Amino acid sequence: MKKIENISLKKEINRKKNIIFLLKSKKKSLPTQYLYDDVGSKLFEKICETEEYYLTRTEYKILNSNSFDIIKASSAEELFEFGSGSSKKTKTLILSALKKNKYLTYFSFDISSEALYMSYDELSKISENLNVRLLKGNFNLDISRIEASKKKRLYLFLGSTLGNFNNKVAINFLQNISNLMNKEDSFLLGVDKVKDEKIINLAYNDKRGITKKFNKNILNVINKEYKLNFNKNNFLHNTIYNSEKSQIEMYLKSTALQSIKLPNNENLNIKKGEKILTEISRKFSEETLERLFAKSNLKVIESYTDEKKYYSLYLLKIKKYL
Ligand code: TRP
């Protein structure tokens, strides 16, 4: 089994304080990263395969039709993917990159070991000339520990994961990537676009209830991590589209008055009907993206989309060097 390189710095005290703060706030929430433990990462892979979840399929199609072009336009000699999950979609890019380069290193960066192993399983047999490196960490906290490369690197951030960050975190993330990038590096970003609300709503409320399981799993994770007593049966899965903010908001809605013991042993009452935000998924317009790129010193050199313009990929470079 391939060795995982753990580059994460654990800040134990802050994490506990943060959980208490988030749960005691008027608008309650939980850190999104807890959705992606080993069980959650597998459930997310299943969401990607549902009929309603158009994102993965569409992104895959765009990647597949343009992979050689992307590799050519970026002159990539090395690939580095943030939040790689199973790396299934990336395979097509790797194959194209291997046509242009004899040897290739692919860095898979994820918070879940299970995801990293899935990625390794998916890719290790492709070619002897492909070196797969598995890096474990949190892409917001541990990005400063990633080393830049002497090779022309193509950074990948797919699956519209950028949409899971609020505006401030998104800008911060893009700025971190642009600081990490050398003159010759490129960055491929995949994002979901604003569209008919009905289509979006269906994607986040699949009829087989996998998104519901994915959402509720966060309670198992934090119960284990912080020895809490959340009861999954006292919450409903609740996902709505907030059209003002152009974002999906996923909540756990309390079905009864209940008391939770916090990590500092304090009791917290959660009322019936009260909601805990577990994740947002923003849908982007061209204008929002332009603003984000401008603030991060990034410039679009190429963009790719599908016939219905549901989803887009942007190939970016550092602006100051162009
Ligand atoms: N990156 C995925 C997305 O934004 C994550 C996701 C899957 C998700 N299902 C979700 C986010 C449900 C919020 C709610 O689509």
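A. Up close: the overall build of the protein chain. Check the secondary structure of the protein chain and you find nine helices and 14 strands. Taken over the C-alpha trace, the protein chain has a radius of gyration of 20 Å; the compact-globule value for 322 residues is 20 Å, and the two agree within 12%. Overall size of the protein chain, expressed as C-alpha extent along the three principal axes, is 60 × 45 × 35 Å. When the 322 residues of the protein chain are sorted by exposure, 38% land in the buried category. A separation threshold of at least 6 residues defines the contact pool for the protein chain, and within that pool the share at least 24 residues apart is 75%.

B. Seen up close, helix α2 (residues 38-49). For α2, built from twelve residues, the straight-helix expectation of 16 Å at 1.5 Å per residue is met to within 8% by its first-to-last C-alpha distance of 17 Å. Inspection of α2 places G40, S41, L43 and F44 among the buried residues, and these make up the whole buried set. For α2, the buried positions fall inside an angular range of 160° around the axis, keeping them on one side. Buried residues belonging to α2 abut α5 (113-123) and α8 (210-226).

C. Highlighting unusual backbone geometry. Here K227, not a glycine, exhibits a phi torsion of approximately 50°, which is positive. As for its placement among the helices and strands, K227 is situated in the loop between α8 and β8 (235-242). The exposure class assigned to K227 is exposed, which follows from the 10 C-beta atoms found within 10 Å. Even without a glycine there, the phi angle at K309 is positive, about 55°. Relative to the helices and strands, K309 resides in the loop between β13 (298-305) and β14 (311-318). A residue is classified by how many C-beta atoms lie within 10 Å of it, and K309, with 11 of them, is exposed.

D. Geometry of the sheet that holds strand β5 (residues 130-136). With respect to topology, eight strands assemble into an open sheet ordered β1-β5-β4-β3-β6-β7-β14-β13, the strand pairing being mixed. Taken across any chain shown, the strands that pair with only one partner, and hence form the sheet edges, are β1 (4-6) and β13. Strand-to-strand, the axes of this sheet are offset by a mean angle of 20°, without reference to chain direction. The sheet strands contacting helix α4 (residues 91-100) are β3 (78-82), β4 (104-110) and β5, and the helix crosses β4 at an angle near 160°.

E. Spatial organisation of the domain arrangement of the protein chain. Looking at the assigned domains, one finds that the protein chain contains domain 1 (14-50 + 197-282) and domain 2 (54-195 + 284-321). In this structure, domain 1 and domain 2 have C-alpha centres spaced 27 Å apart. Tallying the contact residues gives 18 residues for domain 1 and 18 residues for domain 2. Those elements that provide at least two residues to the side of domain 1 that touches domain 2 are α2, α7 (197-203) and β12 (275-282). Broken down by element, the side of domain 1 that touches domain 2 gets its largest block of residues, six residues, from α2. Looking at side-chain class alone, the side of domain 1 that touches domain 2 contains seven nonpolar, five polar and six charged residues.

F. Representation of the site of the ligand. In the region of the ligand, 15 residues are neighbours, and T161, Y204, M250, E279 and S281 sit closest. Broken down by secondary-structure element, the contributors of at least two residues to the shell around the ligand are α2, β9 (247-254) and β12. When grouped by side-chain class, the residues that make up the shell around the ligand number six nonpolar, eight polar and one charged. Split by domain, the shell around the ligand shows at least three residues from each of two domains, domain 1 (14-50 + 197-282) and domain 2 (54-195 + 284-321).

G. Spatial organisation of the pairing of β12. The pairing of strand β2 (residues 28-29) with β12 spans two bridges and is parallel. Residue pairing across strands places K28 opposite I276, the latter belonging to β12. Two strands pair when backbone bridges link them, and β9 and β12 are joined in this way by seven bridges, in the antiparallel orientation. Paired with L252 across the strands is I276, a residue of β12.

H. Focus on the sheet that holds β2. Judged by pairing direction, the sheet is mixed, and its four strands sit side by side in the order β2-β12-β9-β8 without closing on themselves. Where the open sheet ends on each side, the last strands, each with one partner, are β2 and β8.

I. The arrangement of the nonpolar core in detail. Ranked by internal contacts, the top residues of the largest apolar core, which has 68 residues, are L79, Y155, L156, F187, L188 and L189. At six residues, β14 tops the list of elements feeding residues into this core. When residues are assigned to domains, this core turns out to be shared by domain 1 (14-50 + 197-282) and domain 2 (54-195 + 284-321), each giving three or more. Every residue in contact with F187, bar those within four places of it in the chain, is listed here: Y155, I177, M181, L298 and L316.

Parameters at a glance
- Residues numbered from 1 in each chain as written.
- Predicted model: local features only at pLDDT ≥ 70, side-chain atom pairs only at ≥ 80, totals over all residues.
- Helix = DSSP H or I, 4+ residues; strand = E, 2+ residues; numbered from the N terminus.
- Rg over C-alpha atoms; globule rule 2.2 N^0.38 Å.
- Buried ≥ 20, exposed ≤ 12 C-beta atoms within 10 Å, placed from the backbone.
- Contact = placed C-beta atoms within 7 Å.
- Expected span 1.5 Å × (residues − 1).
- Arc of directions from axis to C-beta.
- Pairing = 2+ DSSP bridges.
- Axes fitted to C-alpha atoms, helices over the stretch in contact; angles between N-to-C directions.
- Domains from an automatic or database assignment.
- Nonpolar A, V, L, I, M, F, W, Y, C, P; charged D, E, K, R; others polar.
- Near = placed C-beta within 6 Å.
- Core = buried A, V, L, I, M, F, W, Y, C linked by C-beta atoms within 7 Å.

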